Every structure is written in structure tokens, then in C-alpha cells.
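So the chains spell out like this:
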Amino acid sequence: GTCIGIGMDRSMKRSGIHFDTVIIDEAGKANLAETTVPMELGKKFILVGDHQQLPPYMDEKEISEFLNDTTAKGLTQAEVEAAVSSSLFEDFLEDANFPSESTVLLNYQYRMNPEIGAYISELFYKGKLNHGVGTEHQVCKLDKFPDAVTFIDTSTLKKDDNGCNIAYEKGNKSSGWYNPYEIQIFENRILPSLVRLNSESPDVKVGIITPYRKQRTLLLE
């Protein structure tokens, strides 16, 4: 179950069950309060997670409402945000008093090509991330993009007809946001290669990750 859901389960409460071991997965994404709920159900805890990935979700509206409540007297916004933006998992790992023998690094990845994995390992894991057998076969041969990782610099001083930098986001809250220059780069530089790839290997599927729903719509068009 989820951290909060398991604590609210009525049948679990009525049973009075107490586990020998509680395993909390994705512990790097759960804040302190969420993590302690299932911890009450066991004698021993195993937290599995990665604080180098997504942090706990922080609802700014809830924080504002809490700060306006009388129970939050004396607390600053920075203090509240610090309390809910990190996980107990991360707090343990960064505590100098936490015993090193209580931590285990799962240091083999099977998700990505080793060239991509090498970037991730160097940037986030001090070079300690290894690559499992078979990951070297996870390749996509795209013409004009010979490397496993390509970074495209989208900074430009080019202006649109209204005199605005074309690399900046456009739109508004009601209609949605999008970045016209990113769409232009995709259309002119990447899409032709994908079309050729698809004609040669129709079974290949390509995923595009974009931060805005409006941009997704324009990319699909």
C-alpha cells in the first residue's frame, strides 16, 4: 500500500498486526511524515530509494495555508519547506552519525545504454554506477545523431515578429505554455531522422518527454 493509505486502512488497524520488517519502496520521494506512518507497523525498517531522483512532492498551497494557521506560529516558510522537501531516507544518508554498515548501494543498472549510464554515474553517483550485461545492446541508430547522448544548446538571440526571443516560453496559464524554438528544433533537426528510422524499422518506438501539455499538443501536430 501507499505510506498514508496503509496507515488509514481500517482492517489493518483493527487487526493490531505488527510486522517483523517493513519495506518502504521509493523512500526518496516520501517526506518525513509519510515515511513514519508505515514505520509504526514494524520492528525493523528497510528503506529503498534514491534521493538523487525526484524529491518529495511539495504543495505550495498547503504550505501557505499551514503558515496562516495559528499552530505554525514562529515558523518561517523556509523552515517548513526544508522540513517537507527532503526525505527521511536522505536525512539518514546525510547524517554523519548514521552507521555506514546500515547502507547498501544497489550499483548495477539495466535500464540504459552504458554511454548514457556513464553520464548518470558521473553526475550523480561519483562514478560508482555499473552497467548490467545486455545494456550495450540497447541502442537506437539515428542518422545525424551518432552518439548515445546529444545535448542541443537552445540559447539564441533570435527574435520573433514581436521582438521577443524565440527561445523563451510563450503562452499563459489558461491556454498553456510552450517553447516555440524547442518545437522548431525538433521539427527541423530531429523529426526527419525519426521518419527515416521509422521507415527502416517500423517496430521502433520513440518517447518524447516535454514539460508542458500545450507543447505536447504542438509536438504531436
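Above this text is the structure in question.
Asker: How should the pairing of strand 2 (residues 42-47) be read in this particular structure?
Answerer: It is a general feature of regular strands that their side chains alternate between the two faces of the sheet. In terms of strand pairing, strand 1 (residues 19-24) meets strand 2 through 5 bridges, oriented parallel. Note on strand 2: the bridge partner recorded for F19 is G42. This β-α-β element, strand 1 to helix 3 (residues 32-39) to strand 2, shows right-handed connectivity.

Asker: Looking at this structure, I do not really get the packing of helix 4 (residues 60-67) against helix 5 (residues 77-85). What am I missing?
Answerer: When two helices pack together, you describe them by how their axes are tilted relative to each other and by the distance separating the axes. Contact pair helix 4 / helix 5: the axes reach a minimum separation of 11 Å and the direction vectors enclose 130°. Taken as axis vectors, helix 4 and helix 5 run oblique relative to one another. Both helix 4 and helix 5 take part in a crossing whose hand is right-handed. Contacts from I63, F66 and L67 of helix 4 reach helix 5 at Q77, V80, E81 and V84. Taken together, the residues of the contact of helix 4 with helix 5 break down into 5 nonpolar, 1 polar and 1 charged.

Asker: Where do I start with the pattern of salt bridges in this structure?
Answerer: Opposite charge on two side chains permits them to pair, given that their charged atoms come into close proximity. Under the counting rule described, the total for this entry stands at 3 salt bridges. R196 is paired through a salt bridge with D143; the nearest N and O atoms lie 2.8 Å apart. You can see R196 sitting in helix 8 (residues 180-200) and its partner D143 sitting in the loop between strand 4 (130-131) and strand 5 (170-172), a full 53 residues away along the chain. Exposure remark for R196: the relative accessible area of 34% places this residue in the partly exposed category. Residue class for D143 comes out partly exposed when judged on its relative accessible area of 34%. In this structure, D160 and K170 form a salt bridge, with 3.1 Å as the shortest nitrogen-oxygen distance. On the criterion of sequence distance, the pair formed by D160 in the loop between strand 4 and strand 5 and K170 in strand 5 is long-range, its members being 10 residues apart.

What counts, and at which threshold
- Residues numbered from 1 in each chain as written.
- Predicted model: local features only at pLDDT ≥ 70, side-chain atom pairs only at ≥ 80, totals over all residues.
- Heavy atoms only, no water.
- Pairing = 2+ DSSP bridges.
- Helix = DSSP H or I, 4+ residues; strand = E, 2+ residues; numbered from the N terminus.
- Right-handed = clockwise from strand over helix to strand, strands pointing away.
- Axes fitted to C-alpha atoms, helices over the stretch in contact; angles between N-to-C directions.
- Parallel < 35°, antiparallel > 145°, perpendicular 65-115°, else oblique.
- Left-handed = near helix turned anticlockwise from the far one by under 90°.
- Contact = heavy atoms within 4.5 Å.
- Nonpolar A, V, L, I, M, F, W, Y, C, P; charged D, E, K, R; others polar.
- Salt bridge = Lys/Arg side-chain N within 4 Å of Asp/Glu carboxyl O.
- Buried < 20%, exposed > 50% of the residue type's maximum accessible area, 1.4 Å probe, protein only.

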